[in-house]
Amino acid sequence: MPLVLVQGLRGGVGTTSLVANLAIGLAQAGLPVTVLDMAARSTMALHFGLQPTDRLPPLDEARPNDLVVHGVTLRDAYTVADRGDLTYGLASGEISFDGDMLYLADVGSADMGLFEQLRPYAALDMLVLAPSGECLASLPEALDAAGPNTRFVLNKADDTRKLARHASVFVRELLGEKLLATIRSDEAVVESAAMIHPLVRHAPVSAALHDISALGQLVGAMVPLGHAASPVAHEPPRQASQAA
């Protein structure tokens, strides 16, 4: 199964929580999922109910003691990238994204080099933005660099706030078919991480989790089991949620 890259246009847009909850939803749907944690100062463990000090098995470890939480295998991919060994591993085939495993990679917003290095191996790259001035200012450059497999996710959408409401309308009109999903702002996401509980356990009926589950169905349909990396879709996908 292929690689799905997820990166925020700016820091703080909620990429890590999105990846974690998306992975749990896909695993609950019966797909084999591995999360590749590629952040230097990651909070990924919190979203799986683990302590921040819990060590994830390295991606290049020959015989790792797999850490599986809520059906999701967790691997540390930052270490191999930071050592500079990722390029060799990909070129030699020692690191590959073949087989029946779906890989979700959480790439830091500042790690553009790492993102571009992995992009040729990805069946889908999702850029996450929030309805803020900083993200809106980053959109033109992101659109210029977008490839055929690039889709956008609008996170933390909130129609109760004027700026967020107008920004959401603008983003939807600008991105059109490239906007894959809208995830509603939900305090339960922050609360679950603070309590070191997965969102599905802390707030199983939360609005954000509902939207992320719908996004998971789209991702599962766009990069189905057994398909190699290829253009995402020839027809426009249906968005996971337009409500905010």
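Since we're looking at a predicted model, the values are computed, not measured. (Residues numbered from 1 in each chain as written. Predicted model: local features only at pLDDT ≥ 70, side-chain atom pairs only at ≥ 80, totals over all residues. Heavy atoms only, no water.)

What to know about unusual backbone geometry
The backbone phi angle of Lys156 is positive, close to 60 degrees, even though this residue is not glycine. With respect to the secondary-structure elements, Lys156 resides in strand S7 (residues 150–157). In this structure, Ile196 takes a positive phi of about 55 degrees despite not being glycine. Along the polypeptide, Ile196 turns up in the loop between helix H7 (187–194) and helix H8 (199–202). Accessibility expressed as a relative area gives 22% for Ile196, which makes it partly exposed. (Helix = DSSP H or I, 4+ residues; strand = E, 2+ residues; numbered from the N terminus. Buried < 20%, exposed > 50% of the residue type's maximum accessible area, 1.4 Å probe, protein only.)

Concerning the layout of surface pockets
Roughly 680 Å³ of volume is contained in the largest pocket. Along its surface, the largest pocket is lined by 35 residues, and Gly12, Val13, Gly14, Thr15 and Ser17 are the ones closest to its centre. When residues of the lining of the largest pocket are traced back to their parent elements, those giving at least two are helix H1 (15–28), strand S5 (102–107), S7, strand S8 (179–184), H7 and helix H9 (207–222). Roughly 310 Å³ of internal volume is contained in the second largest pocket. In terms of lining, the second largest pocket is formed by 18 residues, of which the most central are Leu59, Asp60, Arg75, Glu94 and Ile95. Listed by contribution, the elements that provide at least two residues to the lining of the second largest pocket are strand S4 (72–76) and helix H3 (86–92). By residue class, the composition of the lining of the second largest pocket is seven nonpolar, four polar and seven charged. (1 Å grid on protein atoms, 1.4 Å probe; cavity = no way out; pocket = protein on both sides within 12 Å on 5 of 7 lines; lining within 4 Å. Points joined across faces, edges and corners; volume = space filled by probe spheres on them. Nonpolar A, V, L, I, M, F, W, Y, C, P; charged D, E, K, R; others polar.)

So, the pattern of salt bridges
Summed over all chains, the structure comprises six salt bridges. Measuring nitrogen to oxygen at the nearest pair gives 3.0 Å for the salt bridge that ties Glu116 to Arg119. Close ionic contact of Asp211 with Arg184 constitutes a salt bridge, the shortest N to O distance being 2.9 Å. In this pair, Asp211 sits in helix H9 while Arg184 sits in strand S8, placing the two residues 27 residues apart along the sequence. The network of salt bridges with shared partners includes Asp60, Arg83 and Asp85. (Salt bridge = Lys/Arg side-chain N within 4 Å of Asp/Glu carboxyl O.)

A short note on H9
Between its first and last C-alpha, H9 extends 23 Å over 16 residues, near the 22 Å set by a 1.5 Å rise per residue. Buried residues of H9: Ala208, Leu209, Asp211, Ile212, Ala214, Leu215, Gly216, Leu218, Val219 and Met222, and no others. (Expected span 1.5 Å × (residues − 1).)

Focus on the environment of Arg83
Inspection of the secondary structure assignment puts Arg83 in the loop between helix H2 (78–82) and H3. With a relative accessible area of 43%, Arg83 lands in the partly exposed category. In terms of polar contacts, Arg83 uses its side chain to reach the side chain of Asp60, at 2.3 Å. Separated by 2.9 Å, the side chains of Arg83 and Asp85 make a polar contact. (Polar contact = N/O pair within 3.5 Å; in protein donor to acceptor, adjacent residues only side chain to side chain.)

With respect to the nonpolar core
Core analysis: the biggest nonpolar cluster contains 74 residues, and Phe48 and Met126 have the highest contact counts within it. Residue contributions to this core peak at eight residues, all from H1. In contact with Phe48, other than residues within four places in its own chain, are Ala20, Ile24, Val35, Val69, His70, Val72, Leu74 and Pro198. (Core = buried A, V, L, I, M, F, W, Y, C linked by side-chain atoms within 4.5 Å. Contact = heavy atoms within 4.5 Å.)

Points about the packing of aromatic side chains
Applying the stated criterion across every chain, the model contains one aromatic pair. Plain terms: the ring middles of Phe97 and Tyr103 are 5.3 Å apart, the flat faces sit at 75 degrees to each other, and that makes the pair edge-to-face. In this pair, the class of Phe97 matches that of Tyr103, namely buried. (Phe/Tyr/Trp six-rings, centres within 6.5 Å; stacked < 30°, edge-to-face > 60°.)

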